[in-house]
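# Analysis of the macromolecular model
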Amino acid sequence: MSKRQFLKGVFFLLLAAAALYGCSVIAFRNLRVLNNHETFYDWEPDTIDVIFIGGSMSYTAFSPIELYEKHGISSYNLGTSNQSMLAGYIWALEAAEHHSYKAIVAEAMAVPMSHGDIATDIRSLYSMGINHNYLRLAGVYKRNFYKVVFPVFVLHDGWEINELTFKSEIDENRRYLRGFVPLASEAGEKYQNPLVTGDETATAYLKFPYLDKLREYCDEKGIKLILVKSLMASNELNRWDDGYHNRLQEYADQYNIPFIDFNTREYIEAAGLNISTDVAADLRHMNLSGAEKATDFIGKYLLQMDNIGIRQYENSGIGSDVIERYHRIIEETLNSAE
């Protein structure tokens, strides 16, 4: 092979890589209608003290603006649909590079999903862009590392250029929700009984590799880790029962991690929850009423913890305009459900 042929080959490979990367960036931008956390990077550094991670059961259960308005705690909900514990762990690492947060609230349904499939994990992390934390996925999916580097191979149905591709902002409301997704429907009177009944003999198999990593990271950095299972009305689509509860409680007790399960009668009563009116009609997610109660409970819990160092009403960037806009969004959500 001559030098000229070699250089042509290198140039072709570079051109192909650039094209694949460009298509991947377009695919990422076209995903912004789903669980977009680009606004996370809009806030001033070191103004967030608490982050929430987990799947949709996190982003429908914990409202950062409610947490700030009632308790003065600045937070952001980094939940994404079907977020695995792997993706949550990577978001925790990413967030720490922008904010010296003091606590992580991890929604517990992510634990059975130790890591998802490669497409789901890519979708969970796309908001951070193709940076060094995102590329940690390549170390997990070694045989498919090229799909991580060039996610257009996974997101092949989303690479086309359309009117949304070059918009700087898809949904301006996201800035005022801080990752929260409000739901207004209700489960209904049929659903009254907690999913966790108190059967101490029940057990289940759970793996904890990325919860272990998250726990060890929190221990190293002095961050408080709190496990929370949001309220559900049914096990039809997502399993949560005495077995899962008991196994995670064993893990939490072993490592002295607080575990709040809103599916137990203890925490339902403590937070003033009502299954029929505080869970959405899909029976899996908390609605606005439930989210307000769960967020309020978590806020009180955080503030009574010793040596956590959370600031109240300081340097958050959350002004009256943000709070007013948030309440308008909530009002519109409620009105649209009528």
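The preceding data block contains the structure.
All figures in this text were calculated on a predicted structure; none of them were measured in a lab. (Residues numbered from 1 in each chain as written. Predicted model: local features only at pLDDT ≥ 70, side-chain atom pairs only at ≥ 80, totals over all residues. Heavy atoms only, no water.)

## Here we look at the overall build of the protein
If you tally the helices and strands in the protein, you get 14 helices and 5 strands. Intrachain contacts of the protein at a sequence separation of at least 6 include 83% that bridge at least 24 residues. Here the protein has roughly 15700 Å² of accessible surface; of this, 50% comes from carbon and sulfur atoms. (Helix = DSSP H or I, 4+ residues; strand = E, 2+ residues; numbered from the N terminus. Contact = heavy atoms within 4.5 Å. Areas by Shrake-Rupley, 256 points an atom, 1.4 Å probe, with all protein chains shown as cover.)

## Brief notes about the pairing of strand β1 (residues 50–53)
Burial along β1 is two-sided: Val-50 and Phe-52 facing one way and Ile-51 and Ile-53 facing the other are all buried. With 3 bridges connecting them, β1 and strand β2 (residues 75–77) associate as parallel partners. Looking at β2, one finds that Ile-51 is bridged to Tyr-76. (Buried < 20%, exposed > 50% of the residue type's maximum accessible area, 1.4 Å probe, protein only. Pairing = 2+ DSSP bridges.)

## Topic: the packing of helix α4 (residues 85–96) against helix α5 (residues 118–125)
Across the interface, α4 lies against α5 with an axial gap of 9 Å and an inter-helix angle of 25°. Between α4 and α5, the crossing angle belongs to the class labelled roughly parallel. The interaxial crossing formed by α4 with α5 has right-handed handedness. Listed contacts from α5 to Leu-86, Ala-87, Ile-90 and Trp-91 of α4 are Asp-121, Ser-124 and Leu-125. When the residues that make up the contact of α4 with α5 are grouped by side-chain class, the tally is 5 nonpolar, 1 polar and 1 charged. (Axes fitted to C-alpha atoms, helices over the stretch in contact; angles between N-to-C directions. Parallel < 35°, antiparallel > 145°, perpendicular 65-115°, else oblique. Left-handed = near helix turned anticlockwise from the far one by under 90°. Nonpolar A, V, L, I, M, F, W, Y, C, P; charged D, E, K, R; others polar.)

## Considering the packing of α4 against helix α9 (residues 209–221)
The packing of two helices is summarised by the inter-axis angle and the distance between the axes. Taken N-terminus to C-terminus, the directions of α4 and α9 make an angle of 20°; their axes are 8 Å apart at the nearest point. The orientation of α4 relative to α9 falls into the category roughly parallel. The handedness of the crossing between α4 and α9 comes out as left-handed. The segment α4 lies against α9, with Met-85, Leu-86, Tyr-89, Ala-92, Leu-93 and Ala-96 engaging Tyr-210, Leu-211, Lys-213, Leu-214 and Tyr-217. When the residues that make up the contact of α4 with α9 are grouped by side-chain class, the tally is 10 nonpolar, no polar and 1 charged.

## Re the packing of aromatic side chains
With the rule as written, the count across this model stands at 12 aromatic pairs. Judged by centre distance (5.3 Å) and plane angle (70°), the rings of Tyr-68 and Tyr-313 are edge-to-face. Taken together, the residues Tyr-68 in helix α3 (residues 64–71) and Tyr-313 in the loop between α13 (288–303) and α14 (320–337) connect sequence positions 245 residues apart. Of the aromatic side chains, those joined through ring pairs into one cluster are Phe-40, Tyr-41, Tyr-76 and Trp-91. Its guanidinium or amino end placed over the ring of Trp-43, Arg-175 lies 4.4 Å from that ring's centre, counting from NZ or CZ. (Phe/Tyr/Trp six-rings, centres within 6.5 Å; stacked < 30°, edge-to-face > 60°. Lys NZ or Arg CZ within 6 Å of the ring centre and 35° of its normal.)

## Considering the nonpolar core
Ranked by internal contacts, the top residues of the largest apolar core, which has 57 residues, are Ile-51, Ile-104, Leu-137, Leu-211, Leu-214, Trp-240 and Leu-248. Per-element accounting of this core gives the leading share, 9 residues, to α4. Counting 31 residues, the second-largest nonpolar core is a separate cluster that includes Ile-268, Val-279, Leu-283 and Ile-298. (Core = buried A, V, L, I, M, F, W, Y, C linked by side-chain atoms within 4.5 Å.)

## A closer look at the environment of Tyr-59
Mapped onto the elements of the fold, Tyr-59 is located in helix α2 (residues 56–59). On a C-alpha basis, the gap between Tyr-59 and Thr-80 in space is 7.1 Å, while along the polypeptide they are 21 residues apart.

## Section: the layout of surface pockets
Here the largest pocket is characterised by a volume of approximately 220 Å³. If you trace the largest pocket, you find 16 residues lining it, with Val-196, Gly-198, His-245, Thr-264 and Arg-265 closest to the centre. Only α10 (242–254), β5 (259–261) and α11 (265–271) provide two or more residues apiece to the lining of the largest pocket. Here the residues of the lining of the largest pocket sort into 4 nonpolar, 6 polar and 6 charged. There is about 150 Å³ of room inside the second largest pocket. If you go around the second largest pocket, you meet 13 residues; those closest to its centre are Gly-55, Ser-56, Met-57, Asn-82 and Asn-238. (1 Å grid on protein atoms, 1.4 Å probe; cavity = no way out; pocket = protein on both sides within 12 Å on 5 of 7 lines; lining within 4 Å. Points joined across faces, edges and corners; volume = space filled by probe spheres on them.)

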